[in-house]
Amino acid sequence: QVQLVESGGGLVQAGGSLRLSCAASGLTFRRYAMGWFRQTPGKEREFVAAIDWSGISTYYADSVKGRFTISRDNAKNTVYLQMNSLKPEDTAVYYCAAAPSGLAGTPRYDYWGQGTQVTVSS
């Protein structure tokens, strides 16, 4: 079975940094684009960042551009989200997701992790 397991969340002061990790198993990791999303209670799940199968192409929400960096290590079946200059509005549960490569249009994220809480205090 496919599993995506996030880790690295926690409590940090505004201006601080965290690095999230997502370990994937049960799939051919290199065949999937990977994404990070976040959700606050009462709000829709929000796209944060994505990376293609090769790690060459990356995409970011405007709200995190210049502060967050997504990367992947296909040898380790792991995707990362480095979060710098954190703001209170970054507080959310962060989810890792996997989308099959080779499909046209908007990526379809078929698999999701359980989420990890990030809390940024002011």
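Attention here is on the structure that accompanies the text. Just so we're clear, the structure is a prediction, and the values are computed from it rather than from any experiment.

Observations regarding the overall build of the protein
Turning to step 1, where the next piece is worked out: Of regular secondary structure, the protein possesses 0 helices and 11 strands.
Turning to step 2, where the next piece is worked out: Of the regular secondary structure in the protein, the N- to C-terminal order runs β-β-β-β-β-β-β-β-β-β-β.
Turning to step 3, where the next piece is worked out: Computed over C-alpha atoms, the radius of gyration of the protein comes to 14 Å, within 12% of the 14 Å expected from 2.2 N^0.38 for 122 residues, which places it in the range of a compact globule.
Turning to step 4, where the next piece is worked out: Seen along its three principal axes, the alpha-carbon backbone of the protein occupies a region of about 40 × 30 × 25 Å.
Turning to step 5, where the next piece is worked out: By residue count, 41% of the 122 residues in the protein fall in the buried class.
Turning to step 6, where the next piece is worked out: At a minimum sequence separation of 6, the contacts of the protein that also span at least 24 residues come to 56%.
Turning to step 7, where the next piece is worked out: Of the accessible surface of the protein, which amounts to about 6,600 Å², a share of 48% is contributed by carbon and sulfur atoms.
Turning to step 8, where the next piece is worked out: Taking the 12 positively charged and 9 negatively charged side chains of the protein as two groups, their mean positions are separated by 4 Å.

Section: the pairing of strand β1 (residues 3-7)
Turning to step 1, where the next piece is worked out: The two faces of β1 differ: Leu4 and Glu6 on one face are buried, but Gln3, Val5 and Ser7 on the other face are not.
Turning to step 2, where the next piece is worked out: Sheet analysis places β1 next to strand β3 (residues 18-25), joined by 5 bridges and oriented antiparallel. Within β3, the position partnered with Val5 by the bridge is Ala23.

Focus: the nonpolar core
Turning to step 1, where the next piece is worked out: Counting 29 residues, the largest nonpolar core has Met34, Trp36, Leu81, Met83 and Tyr94 as its most contacted members.
Turning to step 2, where the next piece is worked out: Elements with a minimum of two residues in this core: β3, β4 (32-39), β5 (46-51), β7 (68-73), β8 (78-83), β9 (92-100) and β11 (116-121).
Turning to step 3, where the next piece is worked out: When near neighbours in sequence (up to four residues on either side) are disregarded, Tyr94 contacts Glu6, Leu20, Trp36, Phe37, Arg38, Val48, Phe68, Leu81, Met83, Gly115, Thr116 and Val118.
Turning to step 4, where the next piece is worked out: Membership of the second largest hydrophobic core comes to 5 residues, among which are Phe37, Ala97, Ala99 and Tyr109.

Thoughts on unusual backbone geometry
Turning to step 1, where the next piece is worked out: Its identity as a non-glycine residue notwithstanding, Asn77 has a phi of 50°, on the positive side.
Turning to step 2, where the next piece is worked out: By secondary structure assignment, the location of Asn77 is in the loop between β7 and β8.
Turning to step 3, where the next piece is worked out: Residue Asn77 is classed as partly exposed on the basis of its relative accessible area, which comes to 25%.
Turning to step 4, where the next piece is worked out: Its identity is not glycine, yet Ser85 carries a phi of approximately 50°, on the positive side.
Turning to step 5, where the next piece is worked out: If you trace the backbone, Ser85 turns up in the loop between β8 and β9.

A few points about the side chain of Glu6
Turning to step 1, where the next piece is worked out: Examined against the element boundaries, Glu6 turns out to sit in strand β1.
Turning to step 2, where the next piece is worked out: No salt bridge is formed by the buried Glu6. Its closest oppositely charged neighbour is Arg45, at 7.7 Å.
Turning to step 3, where the next piece is worked out: For Glu6, the side chain forms a polar contact with the main-chain nitrogen of Cys96, separated by 2.7 Å.
Turning to step 4, where the next piece is worked out: At 2.9 Å, the side chain of Glu6 forms a polar contact with the backbone nitrogen of Gly115.
Turning to step 5, where the next piece is worked out: Apart from residues lying up to four places away in sequence, Glu6 is in contact with Ser21, Cys22, Trp36, Tyr94, Tyr95, Cys96, Gly113, Gln114, Gly115 and Thr116.

What counts, and where the lines are drawn
- Residues numbered from 1 in each chain as written.
- Predicted model: local features only at pLDDT ≥ 70, side-chain atom pairs only at ≥ 80, totals over all residues.
- Heavy atoms only, no water.
- Helix = DSSP H or I, 4+ residues; strand = E, 2+ residues; numbered from the N terminus.
- Rg over C-alpha atoms; globule rule 2.2 N^0.38 Å.
- Buried < 20%, exposed > 50% of the residue type's maximum accessible area, 1.4 Å probe, protein only.
- Contact = heavy atoms within 4.5 Å.
- Areas by Shrake-Rupley, 256 points an atom, 1.4 Å probe, with all protein chains shown as cover.
- Lys, Arg positive; Asp, Glu negative; His and termini not counted.
- Charge placed at Lys NZ, Arg CZ, Asp CG, Glu CD.
- Pairing = 2+ DSSP bridges.
- Core = buried A, V, L, I, M, F, W, Y, C linked by side-chain atoms within 4.5 Å.
- Salt bridge = Lys/Arg side-chain N within 4 Å of Asp/Glu carboxyl O.
- Polar contact = N/O pair within 3.5 Å; in protein donor to acceptor, adjacent residues only side chain to side chain.

Don't take any of this as a statement about function, it's just geometry.
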